[in-house]
Amino acid sequence: MNVRDLIKERQSKNFTNEEISLLGRAFDFSKRGHQGQKRKSGEPYFNHCFQTALQLANWQMDSPTIAAGLLHDIAEDTKYSLEEIKKEFGEEISFLVGGVTKLGHLKYLNADIEQAENLRKMILALSQDLRVIFIKLADRLHNIKTLSALSQTPNKQKRIALETSEIYATIAYRLGMANLAGELEDLSFPYINPSGYKWLIENIKEKYGNRQKYLEKVKNIIEKKLKESGIRLVKVDFRAKRYSSLYKKLLRENMNLEQIYDLVALRIIVNTIEECYTALGIVHQTWPPLPGRIKDYIAMPKPNGYRSLHTTVFCLDNKLTEFQIRTLEMHQASENGIAAHWLYEQKKSEKDYLEKKSVFAEKKELAWVEQLRSWQKEFSNSEEFLKSLKIDFLKDRIFAITPKGEVIDLPAGSTPVDFAYAIHTEIGASCVGSKINGKITPLDYQIQSGDLVEILVQKSKKPSESWLEFVKTSMAKKKIKSSVKKSSKLIKKEIAEFKITAIDRIGLLKDISSIFSRNRINIQTTNTNLIGQHRLIKIKCEADKEKSEKLILKLKKIKEIKEINYKII
Ligand code: MN
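Keep in mind the model is a prediction, meaning the values are calculated, not measured. (Residues numbered from 1 in each chain as written. Predicted model: local features only at pLDDT ≥ 70, side-chain atom pairs only at ≥ 80, totals over all residues. Heavy atoms only, no water.)

## Focus: helix 7 (residues 91–104)
Since the α-helix advances by 3.6 residues per turn, residues separated by three or four positions end up pointing in the same direction. The test is simple: Only DSSP runs of H or I covering at least 4 residues are called helices, and only runs of E covering at least 2 are called strands; the numbering of each starts at the N terminus. By definition here, a helix of n residues has an expected span of 1.5 Å times n minus one. For every residue, the accessible area obtained with a 1.4 Å probe (protein chains only) is divided by the maximum for its type, and the residue is called buried under 20%, exposed over 50%, and partly exposed between those limits.
The end-to-end C-alpha distance of helix 7, which contains 14 residues, comes to 20 Å, matching closely the 20 Å that a straight helix rising 1.5 Å per residue would cover. Taken together, the buried positions of helix 7 are occupied by Glu92, Ile93, Ser94, Phe95, Leu96, Val97, Gly98, Gly99, Val100, Thr101 and Leu103.

See below:
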């Protein structure tokens, strides 16, 4: 375990002396920082950091990323702070370590589809730089490989396995790192579904063995045919379907293993796209295809960029067998990921959104971006593909967390009031204050991704009209407006005072008041005075100008009334 191992692992490009010295310093710093700390398995904590860095080197990452891999748990778990990393290693590496530390606080608590999607988005948004995600993925890969050490806490074990499969494997898959995604899923599977895993292992053991022998025979036949027709073959091989994806498929097929044709699939790797189609023709000439099973992911790549031709044929002994045909480039892309392609696209189009932090990625020409340029040329016609990778909705969304750990997805610029309404109308209506990351914060504060938001409520409280000046979501606006309107109807009731002079008679008051009630006007107070033969009547009622005018016309029909006027008070 030393820096030389890291250097050996990254074969794509030699490190400069400067880079090697950086890795050496990060190695020593991390080792010193984690001195004396042990993992649950009993091994030194530093091993975990080294394995994470080794994985990053294997993915051919740049030296700051590998150094940050060595340092990724320093700020969280040791006496050294992020500030010290910044002093020692500069802004770029401390930014990467800080990003991984932030992601470490996110947890997948409620197994829920919508929450999972929000959490994935939040992870991407918070990272700001794809290299943060790569470090997190390398970190998680090693953690899941060593998850058996947590056997004392099976609940935690299961939570981490679920999070790995639902969140991190899915992110890896969407970034085109299918191989890593499959590995993460396979490693999580036994913890998520122990009995299903056991069943699968018992039932496929023999099938896998027989299948391998059979495919050896098929491989020899097709290799010969392809060579005869002049195709420059790179290789033909076969690999067993991954346990986790096999199990998912079995669930759809009533656990009937006979229905699974791609239990072990043959892979034909050639040099050019033309050769892919030629090879497909040769396979179909040799064995008839099963209708409906020919898939052209070269003409129409999967959303994550996966490209290949798939077909299932009635093969030797009439057994259904799947073939996958692709070029070496497509093969490498599907194995190792085209994540960097996403980074390249992002750098071009999201400069504004990333202006603060990922200038680092801007400044630096990452080695693998070079390599991906050529892939990008091939993909440039495939708009769908680019769209699926860009995740550009992130530049105008923020993701905040409730005290319960739920992720709330909001438009950028949203405030605690928007957050409160997004949780529940009641909470929005009765909110009186907010705490952001534990600190009391004004209600017009603009929430940042990753903020932990707590809403303070008071039961009798009503929404304030002034909130309309800063809320961002249309939902909050609508709810506040309708609530303000309702209460203004109550408050803004106008009161009119009528002064009536009439010649007194029995039943006069009753006649007058019945006109009010027929017009649905609520009398608040009446008081009358007898002055000679005239009665002076003052009536206060709930009426505006319009209603009062109408009322006067009606009151004038009472012939005893000599004089009448009103004012709004
Ligand atoms: Mn870690």
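Moving on, there is more to tell.
## Thoughts on the packing of helix 2 (residues 17–33) against helix 6 (residues 82–89)
Which entries qualify depends on this criterion: Comment: axis = line fitted to C-alpha atoms, over the contacting stretch for helices; angle = value between 0 and 180 degrees taken between N-to-C directions. Between 65 and 115 degrees an angle is taken as roughly perpendicular, under 35 as roughly parallel, over 145 as roughly antiparallel, and anywhere else as oblique. Left-handed is the label given to a crossing in which the near helix is rotated counterclockwise from the far helix by less than a right angle, and right-handed is the label when the rotation is clockwise. Working rule for contacts: check all heavy atoms of both residues, and any pair within 4.5 Å makes them a contact.
Where helix 2 meets helix 6, the closest approach of the two axes is 12 Å, and the angle between their N-to-C directions is 150°. Classified by the angle between their axes, helix 2 and helix 6 sit roughly antiparallel to one another. When the axes of helix 2 and helix 6 are compared, the crossing they make is right-handed. Residues Leu22, Arg25, Ala26 and Phe29 of helix 2 form the contact with helix 6, whose own contacting residues are Ile85, Glu88 and Phe89.

## Digging into the coordination of the manganese ion
This is how the line gets drawn: Each metal site lists N, O and S donors within 2.8 Å (3.2 Å for Na, K and Ca). With water left out of the atoms, a site can look as if it is missing ligands.
At the metal site, the manganese ion is ligated by His48 (NE2), His72 (NE2), Asp73 (OD) and Asp139 (OD), and these contacts range over 2.2 to 2.3 Å. Here the donor residues for the manganese ion map to a single chain with the spacing H-x23-H-D-x65-D. Classification of His72 as buried rests on a relative accessible area of 1%.

## Thoughts on the packing of aromatic side chains
Short version of the rule: The rule is short: rings of Phe, Tyr and Trp, with Trp giving its six-membered ring, pair when the centres are within 6.5 Å, and they are stacked under 30 degrees, edge-to-face over 60, tilted in between. Over a ring means this: the NZ of a Lys or the CZ of an Arg is within 6 Å of the ring centre and within 35 degrees of the ring normal.
Overall, the coordinates contain 11 aromatic pairs when judged by the stated rule. Each ring, one from Phe46 and one from Phe50, has its centre 6.4 Å from the other, and the planes form 40°; the classification is tilted. Of this pair, Phe46 and Phe50 both sit in helix 3 (residues 45–58), 4 residues apart, which is roughly one turn of that helix. By relative accessible area, Phe46 is classed as buried at 5%. Measuring from ring centre to ring centre gives 5.9 Å for Trp287 and Phe323, while their planes differ by 25°; the resulting arrangement is stacked. Taken as a pair, Trp287 in the loop between helix 14 (273–286) and strand 3 (295–296) and Phe323 in strand 5 (residues 320–327) lie far apart in primary sequence, 36 residues in all. A residue is classified by how much of its surface remains accessible, and Trp287, at 7% relative accessible area, is buried. Here the aromatic cluster, defined as three or more aromatic residues joined through ring pairs, consists of Phe189, Tyr197, Tyr243 and Tyr247. Stacked on the ring of Tyr45, the Lys or Arg Arg39 has its end atom at 5.5 Å from the ring centre. Seen from the ring of Tyr214, Lys319 lies directly overhead, with NZ or CZ sitting 4.6 Å from the centre.

Remember, this is a structural readout, not a statement about activity or role.
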